[in-house]
Amino acid sequence: MAAIDDNSGYNRMKEVKEFDESKIGVKGLSDSGITSIPEFFVHDPETLSDLKSSSSHTATIPTTDLSKINSHQPTIVDQITVAAKTWGFFQVINHGVPILILEETVNAIKAFHDQPHEIKAKYYKREEGKGVMYSSNNDLYRTKAASWHDSLQAWMGPEPPEVEELPEICRKEVVAWDLHATNVAETVMELLSEGLGLEAGKFKELTFSERRALVGHCYPYCPQPDRTVGITSHTDPGIVTVLLQNHVPGLQVRHEDEWVDVKAVPGGLIINVGDMLQIISNGEYKSVQHRVLANSCREDRISVVIFFNLSKWNDDGYCGPLPVLFKGIDSKSLIEKITIHN
């Protein structure tokens, strides 16, 4: 990709570098009152033509009530298994985390992003994989078009950051949410494990919840939401993802060749299957494309995501379906999956 557009003389890399070094993020751009977005945020016509929800019916991702887990265990296992196989996304309610904790977590992440950029700037860097990092677009220098979001990231395991590394304005809430979300994830993983005919504790034994990253996204108001996206279409690489969000819409899931709006259930948490779980389950559970539209609301969209991945694998380096699940493997599709997600 050329840094300079020969037709217009536009120097994209120069603009990107200036934006990155300013450390103001898209939140800073939005708050400045701009009426048009910088050129490097504008996506190609093919992406932009596909932005609307294409669902011709009132489809919605499945919802499971975890309060019934003790009295109706087989039913709950079946519900979550079917959702993971058909949608790759589902919501859980009555998951044991108080509403107040959910609200405090979202409000704390919003408070971080609402700070003057001079305060946030000390966390602004591009060193992924450890510690705490604030940035706009992880792939800013790698992507053809930037997306309209900023993120605060904290790697919470297997080696969590020093508490003092976390921004003081959301420190207590981030530490607490890591514990709460991990408890929910491990409960869901037990159900998904049973859905494959394994022991409930098998996924935890395989360290599926040890390596995790917490990301607090902010999608501020975008003056031209029809020219960019909040986050481009993608799948998550890990085992499962736990998503907490405020009421501002934008998340869409690809289902049966259509884009479906995900309508948040009050007090609910959204769970989705990652690429590694699709591989490990021998394709039983589906990792599906999802995206976030650019925010046309005056209120910021806030989401708090924790990505769970295994912290270690077999000593022999084998990466594929759990051997106990072998039942007539289509080797070609397996090779394709592992090649794509290695």
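Just above, that's the structure.
Note that the structure is predicted; figures quoted are calculated from it, not measured.

Enquirer: Which residues make up the pairing of strand E5 (residues 211-219), and what are the values?
Expert: In terms of burial, E5 is largely enclosed, as eight of its nine residues are buried. Bridging between strand E4 (residues 150-157) and E5 involves seven bridges; their strand directions are antiparallel. Along E5, the bridge assignment pairs tryptophan 155 with alanine 213. For E5 and strand E12 (residues 301-309), the ladder comprises nine bridges, and the chain directions are antiparallel.

Enquirer: Pulling in residues and values, what's your account of the sheet that holds E4?
Expert: Sheets are built from strands paired through backbone hydrogen bonds, the pairs being either parallel or antiparallel. Here we have eight strands laid out as an open sheet, ordered E1-E2-E10-E7-E12-E5-E4-E3, and mixed in their pairing. Bordering the open sheet on either side are strand E1 (63-65) and strand E3 (132-135), each of which pairs with just one other strand. Adjacent strand axes in the sheet meet at a mean angle of 20 degrees when their direction is disregarded. Strand direction decides the pairing type here: E1 and strand E2 (residues 89-93), joined by three bridges, are parallel. Bridge assignment links threonine 63 to a residue of E2, and that residue is glutamine 91. Relative to the sheet, helix H7 (residues 171-195) contacts E2, E4, E5, strand E7 (240-245), strand E10 (269-273) and E12, its axis offset from that of E12 by approximately 55 degrees.

Enquirer: Tell me about the packing of helix H4 (residues 73-86) against H7, residues and numbers included.
Expert: At their nearest, the axes of H4 and H7 sit 9 Å apart, and the two run at 85 degrees to each other. On the basis of their axis angle, the class for H4 and H7 is roughly perpendicular. Two secondary-structure elements touch here, H4 through Gln73, Ile76, Val77, Ile80, Thr81 and Ala84 and H7 through Leu191, Leu192, Glu194 and Gly195.

Enquirer: So what about the packing of helix H5 (residues 99-114) against H7? Which residues, and what values?
Expert: Closest axis-to-axis distance for the H5/H7 pair is 9 Å, and the angle between their directions is 135 degrees. Overall, the two elements H5 and H7 adopt an arrangement that is oblique. The two elements H5 and H7 meet at a crossing, and its hand is left-handed. Where H5 abuts H7, its residues Ile101, Leu102, Glu104, Thr105, Ala108 and Ile109 lie against Glu173, Val174, Trp177 and His180. Each residue belonging to the contact of H5 with H7 can be placed in one class, and the counts come to six nonpolar, two polar and two charged.

Enquirer: Tell me about H7, residues and numbers included.
Expert: What sets the pattern is the α-helix's 3.6 residues per turn: residues three or four places apart point alike. Along its 25 residues, H7 runs 36 Å from first to last C-alpha, staying within 8% of the 36 Å computed at 1.5 Å per residue. Positive backbone phi, approximately 85 degrees, marks glycine 197, located one or two places after H7.

Enquirer: If you had to explain H4 to someone new, which residues and values would you point to?
Expert: The end-to-end C-alpha distance of H4, which contains 14 residues, comes to 20 Å, matching closely the 20 Å that a straight helix rising 1.5 Å per residue would cover. Of all the residues in H4, the buried ones are Ile76, Val77, Ile80, Thr81, Ala83 and Ala84. The buried residues of H4 occupy one face: seen down the axis, they fall within an arc of 165 degrees. Against E1, E2, H7 and E10 lie the buried residues of H4.

Enquirer: I'd like a rundown of the packing of aromatic side chains, residues and numbers included.
Expert: Taken as a whole and assessed by the stated rule, the structure comprises eight aromatic pairs. Each ring, one from phenylalanine 19 and one from phenylalanine 40, has its centre 5.6 Å from the other, and the planes form 50 degrees; the classification is tilted. Pair noted here: phenylalanine 19 is in helix H1 (residues 12-22) and phenylalanine 40 is in the loop between helix H2 (25-31) and helix H3 (45-48), with a separation of 21 residues, a long-range link. The pair formed by phenylalanine 19 and phenylalanine 40 is uniform in burial state, with each residue classed as buried. Directly above the aromatic system of tryptophan 259 lies the positively charged group of arginine 291, at a separation of 4.0 Å from the ring centroid. Over the aromatic face of tyrosine 221 sits the side chain of arginine 298, whose NZ or CZ is 3.9 Å from the ring centroid.

Enquirer: Residue-level account of the side chain of lysine 120, with values.
Expert: Along the chain, lysine 120 falls in helix H6 (residues 117-120). For lysine 120, which is buried and forms no salt bridge, the nearest opposite charge comes from aspartate 150, at a distance of 5.2 Å. In this structure the side chain of lysine 120 is engaged in a polar contact, spanning 2.8 Å, whose partner is the backbone oxygen of histidine 113. Setting aside residues no more than four positions away along its own chain, lysine 120 makes contact with Lys27, Phe112, His113, Gln115 and Tyr134.

Enquirer: Describe in detail the side chain of aspartate 150, supporting the description with residues and values.
Expert: As for its position among the elements, aspartate 150 is in strand E4. There is a polar contact of 2.9 Å between the side chain of aspartate 150 and the side chain of serine 136. Residues contacting aspartate 150, with those up to four places away along its chain left out, are Ile24, Gly25, Val26, Lys27, His113, Tyr134, Ser135, Ser136, Gly216, His217 and Cys218.

Conventions we followed
- Residues numbered from 1 in each chain as written.
- Predicted model: local features only at pLDDT ≥ 70, side-chain atom pairs only at ≥ 80, totals over all residues.
- Heavy atoms only, no water.
- Buried < 20%, exposed > 50% of the residue type's maximum accessible area, 1.4 Å probe, protein only.
- Helix = DSSP H or I, 4+ residues; strand = E, 2+ residues; numbered from the N terminus.
- Pairing = 2+ DSSP bridges.
- Axes fitted to C-alpha atoms, helices over the stretch in contact; angles between N-to-C directions.
- Contact = heavy atoms within 4.5 Å.
- Parallel < 35°, antiparallel > 145°, perpendicular 65-115°, else oblique.
- Left-handed = near helix turned anticlockwise from the far one by under 90°.
- Nonpolar A, V, L, I, M, F, W, Y, C, P; charged D, E, K, R; others polar.
- Expected span 1.5 Å × (residues − 1).
- Arc of directions from axis to C-beta.
- Phe/Tyr/Trp six-rings, centres within 6.5 Å; stacked < 30°, edge-to-face > 60°.
- Lys NZ or Arg CZ within 6 Å of the ring centre and 35° of its normal.
- Lys, Arg positive; Asp, Glu negative; His and termini not counted.
- Salt bridge = Lys/Arg side-chain N within 4 Å of Asp/Glu carboxyl O.
- Polar contact = N/O pair within 3.5 Å; in protein donor to acceptor, adjacent residues only side chain to side chain.

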